[in-house]
Amino acid sequence: MAPEPKEGRPPIAKRATRPLPPADDAIQAWSRPLAPVKDLDEVARRYPGRKLTLDGERNQLEFYGTPDRPNAFAMDSLEFFFLIAQYFREALPLRLILLLIACQRAGGRIHLTQEEMATVLDVSRTKATEALQEIMGHGIAFKVKRGVYQFNPPFSYRAAEFIPGTETAGGKPEYIRVEQHETLTTIRKDATLPELVRYPSLEHMRKAIEDLRKKRSEQRAKRRLEREARQEEGMLQ
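Every chain begins its residue count from 1, and numbering advances along the sequence as written. Predicted model: local features are reported for residues with pLDDT of at least 70 only, side-chain atom pairs are reported and counted for 80 or more only, and whole-chain, interface and lining totals are derived from all residues. Hydrogens and water molecules were not included; the side-chain quantities draw on all heavy atoms of the structure.

Side chains of strand 4 (residues 148-151) alternate between two faces, with Val148 and Gln150 and Tyr149 and Phe151 buried alike. Two strands form a pair only when DSSP identifies at least two bridges running between them. By definition, any uninterrupted DSSP run of H or I lasting at least four residues is a helix, any uninterrupted run of E lasting at least two residues is a strand, and each is numbered from the N terminus. Where strand 2 (residues 109-111) meets strand 4, 3 bridges bridge the pair, whose relative direction is antiparallel. Paired with Ile110 across the two strands is Tyr149, which belongs to strand 4. With 4 bridges connecting them, strand 3 (residues 141-145) and strand 4 associate as antiparallel partners. Pairing of Phe142 across the sheet is with Gln150, part of strand 4. In sequence, strand 3 turns back onto strand 4 through a hairpin of 2 residues, with Gly147 there showing a positive phi of about 80°. Summary of the burial criterion: residues with accessible area below 20% of their type's maximum are buried, those above 50% are exposed, and those between are partly exposed, where the area comes from a 1.4 Å probe applied to protein chains only.

Given below as structure tokens:
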């Protein structure tokens, strides 16, 4: 007597190997999911006109930059940005603040002359100086010496920057690091600096924004009443 067939799942068909896209079909290649490369020689033979390169793993604190502007790790206060966007009514002070932030070195130092600031922003030196004086008047930055300024650490601070050239020396990139609390301590000990620099606060900006909005609201209400009075006068005539 022949044995009865065993019950069970039907055999699973083997998945067909996904064919590689044609070497000249870029659109089809982009539409397919990526697969791990097991044999670089095979890839090189398939794409003889392409140059294959292998890149290294991105290191900690490594960002895009240029040789003259080392990559860096920075800390910025979002509340500071939020308030200055409302406080400054003109574009130049805001542009200058962004320039000072972008040009910080480790420790928050900015090596820029007023002439260089004016050149980068494409304005006259007089306008650049006026904007800089306004910014420093709020304790945002202060002058250390000619051509050197310091951004106030609670608002924006560049904590570290890598030393150019160390990333190609065979080891890991080396960094210069200046702790924020150390810079704050140094600034607060300097009695020659203005109080708003030593103990920075944004409260005066918040108050100024509230006062400005209140004043504008009163002006709008006054104009509305004047417009309604003119309309009523015209109807009476």
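Next comes the rest of the account.
One way to put it is that helix 4 (residues 91-102) packs onto helix 6 (residues 125-137) with a least axis distance of 9 Å and a crossing angle of 80°. Accordingly, the angle class assigned to the pair helix 4 and helix 6 is roughly perpendicular. Across from Leu92, Pro93, Leu96, Ile97 and Leu100 in helix 4, the residues of helix 6 making contact are Lys127, Ala128, Ala131, Leu132, Glu134 and Ile135. Each residue receives one of three labels: charged for Asp, Glu, Lys and Arg, nonpolar for Ala, Val, Leu, Ile, Met, Phe, Trp, Tyr, Cys and Pro, and polar for the others, Gly being one of them. Classifying every residue of the contact of helix 4 with helix 6 by side-chain character gives 9 nonpolar, no polar and 2 charged. A fitted line through C-alpha atoms serves as each axis, taken over the contacting stretch for helices, and the angle formed by two N-to-C directions is quoted from 0 to 180°. Throughout, the term roughly parallel applies to angles under 35 degrees, roughly antiparallel to angles over 145, roughly perpendicular to angles from 65 to 115, and oblique to all others. Any two residues whose heavy atoms approach within 4.5 Å at even a single point are treated as in contact.

Strand order across the open sheet formed by 3 strands is 1-5-6, with antiparallel pairing between neighbours. Unpaired on one side and paired on the other, strand 1 (72-76) and strand 6 (175-177) mark the two borders of the sheet. Across the sheet, the mean angle from the axis of one strand to that of its neighbour is 20°, orientation sign disregarded. Direction of pairing for strand 5 (residues 156-162) relative to strand 6: antiparallel, over a ladder of 3 bridges. Within the sheet, the bridge partner assigned to Glu161 lies in strand 6 and is Ile176.

As a rule of thumb, non-glycine residues mostly have phi less than zero, and peptide bonds are mostly trans rather than cis. The phi torsion at Asp122 lies on the positive side, around 60°, for a residue other than glycine. Within the element layout of this structure, Asp122 appears in the loop between helix 5 (114-121) and helix 6. Accessibility expressed as a relative area gives 70% for Asp122, which makes it exposed.

Next up on the list: the packing of aromatic side chains. The description of an aromatic ring pair rests on the distance of the ring centres and on the angle between the ring planes. Here is the rule: rings of Phe, Tyr and Trp (six-membered ring for Trp) pair when centre to centre is within 6.5 Å. Planes less than 30 degrees apart are stacked, more than 60 are edge-to-face, and the remainder are tilted. Inspection of the entire model under this criterion finds 4 aromatic pairs. Note on Phe80 and Phe81: the rings are 5.8 Å apart at their centroids and 45° apart in plane angle, and the pair reads as tilted. Among the residues examined, Phe80 registers a relative accessible area of 0% and is labelled buried. Centre to centre, the rings of Phe80 and Phe151 are 6.2 Å apart; their planes meet at 85°, and the pair counts as edge-to-face. Separated by 71 residues along the polypeptide, Phe80 in helix 3 (residues 78-87) and Phe151 in strand 4 bring together distant segments of the chain. Grouping residues by exposure puts Phe80 and Phe151 together as buried. Among the aromatic side chains, those forming a connected cluster through ring pairs are Phe80, Phe81, Phe151 and Phe155.

Turning our eyes to something else, we now look at a positive patch on the surface. Exposure above 30% relative accessible area and the absence of a salt bridge qualify a residue for a patch, where like charges join within 9 Å and nonpolar side chains (Val, Leu, Ile, Met, Phe, Trp, Tyr) within 5 Å. Where accessible areas are quoted, they stem from the Shrake-Rupley method and a 1.4 Å probe; at the residue level, only the protein chains shown are allowed to cover. Here, a salt bridge means any Lys or Arg side-chain nitrogen found within 4 Å of an Asp or Glu carboxyl oxygen. Charge counting treats Lys and Arg as positive and Asp and Glu as negative, with His and both chain ends excluded. Every charge is mapped onto a representative atom, which is NZ of Lys, CZ of Arg, CG of Asp or CD of Glu. On the surface, a cluster of positive charge is made up of Arg89, Arg213, Arg216, Arg220, Arg223, Arg224, Arg227 and Arg230. In this fold, Arg216 is placed in helix 9 (residues 203-236).

A few words now on the pattern of salt bridges. Tallying each qualifying case throughout the model produces 7 salt bridges. Between Glu203 and Arg206 there is a salt bridge whose closest N-O contact spans 2.6 Å. One end of the pair, Glu203, and the other, Arg206, are both in helix 9, 3 residues apart, so they sit about a helical turn from each other. Using a relative accessible area of 48% as the deciding quantity, one classes Glu203 as partly exposed. Ionic contacts of the salt-bridge type, sharing partners, join the residues Glu79, Glu203 and Arg206 into one network.

Here the focus is the packing of helix 4 against helix 5. Helix 5 packs onto helix 4 with a crossing angle of 110° between their chain directions and a minimal axis gap of 11 Å. One way to sum up the angle between helix 4 and helix 5 is to call them roughly perpendicular. Of the two elements, helix 4 crosses helix 5, and the hand of that crossing is right-handed. Contact residues: helix 4 offers Leu92, Arg95, Leu96, Leu99 and Leu100, while helix 5 offers Met117, Val120 and Leu121. Residues belonging to the contact of helix 4 with helix 5 are distributed by class as follows: 7 nonpolar, no polar and 1 charged. Working rule for handedness: look at the near helix, and if it is turned counterclockwise from the far one by less than a right angle, call the crossing left-handed; if clockwise, right-handed.

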